[in-house]
Amino acid sequence: MLQIEIDSSSGFCFGVTTAIKKAEEELAKDGTLYCLGDIVHNGIECERLRQMGLVTINHEEMEQLHDVKVLLRAHGEPPETYELARQNNIEIIDATCPVVLKLQKRIKEQYETSQHSTIVIFGKKGHAEVLGLEGQTDGNAVIIESYDEVANPTASNRVKPLLDYSHDIYLFSQTTKSLDEFHRITEYIQSHIAPTATFRSFDTICRSVANRMPNITEFAARHDLILFVCGRKSSNGKVLFSECHRVNPNSYLIEGPEEIDAAWLKGIRSVGICGATSTPKWLMEQCRDAISTKD
């Protein structure tokens, strides 16, 4: 008999849960609410909220709005967004994750007290959270996406090295990045910083995400087949799925039950279903139910 297990540690993180709860509360009162960007990197959950009245907008569309309510998702926003809201008499429903808010404050304070130093953020360029963090430095932070960017300074036909090691460097991280890679970057910069310069790194990776890595490693290893349920735009989802696939090559990333291929189940005795911090439990349960009909 086919055994199916849903990973108990998968599902919405605290920040996403709070943002969705705030959206549902506002929609229950007014029936319409604007959200700046996808509230969560999961298309199916976004569609559920859209049917409740949530309208997703971008920054350009927000500039045209006046006298409305706009929800800021868990990723956070740069200072300019709050200023735009003030100018357009927009009421902000702030669902920024407390972990991200704390990180924004730390970066802003470091930037204002270290004007001649370099603020480095380990994160994905263009990611909503990173844009909010970069905004705390007036756009002057250096964004590093990977260890290779630091260790290979001549990559991408770069004219000059990414970092000037003769200046003070302060390293922070997007909350959902790999803890191991952050430590590698820290060690590399530490070994190259000039004796006359200061280097400090701040481990700002969210533990509710970081702690999922060892859990998901163990979970993926004990099943014949892994179905990782996740929106394809999810940053932490890509990291977690990569770990699943490393441990168990018979792992598939799917957005919903309709993507499950019955051929995957042939000869399989156990299936593990897991997901990202942006994956709702109810969606993983739908995938479990879909497998039961295909078995």
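Residues numbered from 1 in each chain as written. Predicted model: local features only at pLDDT ≥ 70, side-chain atom pairs only at ≥ 80, totals over all residues. Heavy atoms only, no water.

## Focus: the overall build of the protein chain
- Along the protein chain, the regular secondary structure elements total 12 helices and 12 strands.
- The globule rule puts the C-alpha radius of gyration for 295 residues at 19 Å, and the 21 Å found for the protein chain is close to it.
- Taken along the three principal axes of its C-alpha coordinates, the protein chain extends 65 × 50 × 30 Å.
- In the protein chain, which comprises 295 residues, the proportion classed as buried is 51%. (Helix = DSSP H or I, 4+ residues; strand = E, 2+ residues; numbered from the N terminus. Rg over C-alpha atoms; globule rule 2.2 N^0.38 Å. Buried < 20%, exposed > 50% of the residue type's maximum accessible area, 1.4 Å probe, protein only.)

## Some words on helix H8 (residues 179-192)
- In this model, H8 (14 residues) spans 20 Å end to end at C-alpha, consistent with the 20 Å of a helix rising 1.5 Å per residue.
- Among the residues making up H8, those that are buried are Phe182, Ile185, Thr186, Tyr188 and Ile189. Buried residues of H8 fall within an arc of 165° about the axis and therefore sit on the same side. Set apart from the buried face of H8 by more than 90 degrees, the exposed residues are Asp180, Glu187 and Ser191.
- Along its buried surface, H8 packs onto strand E6 (118-122), strand E7 (142-144), helix H7 (147-151), strand E8 (169-173) and strand E9 (199-201).
- Among the residues of H8, the N-terminal cap falls to serine 178, whose side-chain oxygen and the backbone nitrogen of aspartate 180 are separated by 3.4 Å. (Expected span 1.5 Å × (residues − 1). Arc of directions from axis to C-beta. Contact = heavy atoms within 4.5 Å. Polar contact = N/O pair within 3.5 Å; in protein donor to acceptor, adjacent residues only side chain to side chain.)

## As for the sheet that holds strand E12 (residues 270-275)
- Overall, parallel pairing links the four strands, which are arranged E1-E12-E10-E11 in an open sheet. Each of the sheet's edge strands pairs with one partner strand only, and the pair in question is strand E1 (3-6) and strand E11 (251-254). Each adjacent strand pair in this sheet contributes to an overall mean axis angle of 20°, direction not counted.
- Alignment of E1 against E12, held across four bridges, turns out to be parallel. Note that in E12 the partner of glutamate 5 across the bridge is glycine 272. (Pairing = 2+ DSSP bridges. Axes fitted to C-alpha atoms, helices over the stretch in contact; angles between N-to-C directions.)

## Thoughts on the layout of surface pockets
- Roughly 530 Å³ of volume is contained in the largest pocket.
- Forming the walls of the largest pocket are 23 residues, and the residues nearest its centre are Lys177, Ser178, Leu179, Met213 and Val239.
- Take the lining of the largest pocket: its biggest share by element is eight residues, from helix H11 (residues 235-247).
- Classifying every residue of the lining of the largest pocket gives seven nonpolar, six polar and 10 charged. (1 Å grid on protein atoms, 1.4 Å probe; cavity = no way out; pocket = protein on both sides within 12 Å on 5 of 7 lines; lining within 4 Å. Points joined across faces, edges and corners; volume = space filled by probe spheres on them. Nonpolar A, V, L, I, M, F, W, Y, C, P; charged D, E, K, R; others polar.)

## Digging into the sheet that holds E7
- With respect to topology, four strands assemble into an open sheet ordered E7-E6-E8-E9, the strand pairing being parallel. Edge positions in the sheet fall to E7 and E9, since each of these pairs with one other strand and no more. The sheet shows a mean angle of 20° between the axes of neighbouring strands, direction not considered.
- Relative to E8, E6 is paired through five bridges, and the arrangement is parallel. For valine 120, the partnering residue across the bridge sits in E8 and is leucine 171.

## A few points about the nonpolar core
- Ranked by size, the top nonpolar core spans 21 residues in total, and within it Leu163, Tyr165, Ile169, Leu171, Ile185 and Ile189 carry the most contacts.
- Secondary-structure elements contributing two or more residues to this core are E6, E7, H7, E8 and H8.
- The element contributing the most residues to this core is H8, with four residues. (Core = buried A, V, L, I, M, F, W, Y, C linked by side-chain atoms within 4.5 Å.)

## Notes on the pairing of E12
- Counting buried positions along E12 gives six out of six residues, so the element sits mostly inside the fold.
- Burial along E12 is two-sided: the face carrying Ser270, Gly272 and Cys274 and the face carrying Val271, Ile273 and Gly275 are both buried.
- With five bridges connecting them, strand E10 (residues 225-229) and E12 associate as parallel partners. In the sheet register, phenylalanine 228 faces E12, and the bridge partner there is cysteine 274.

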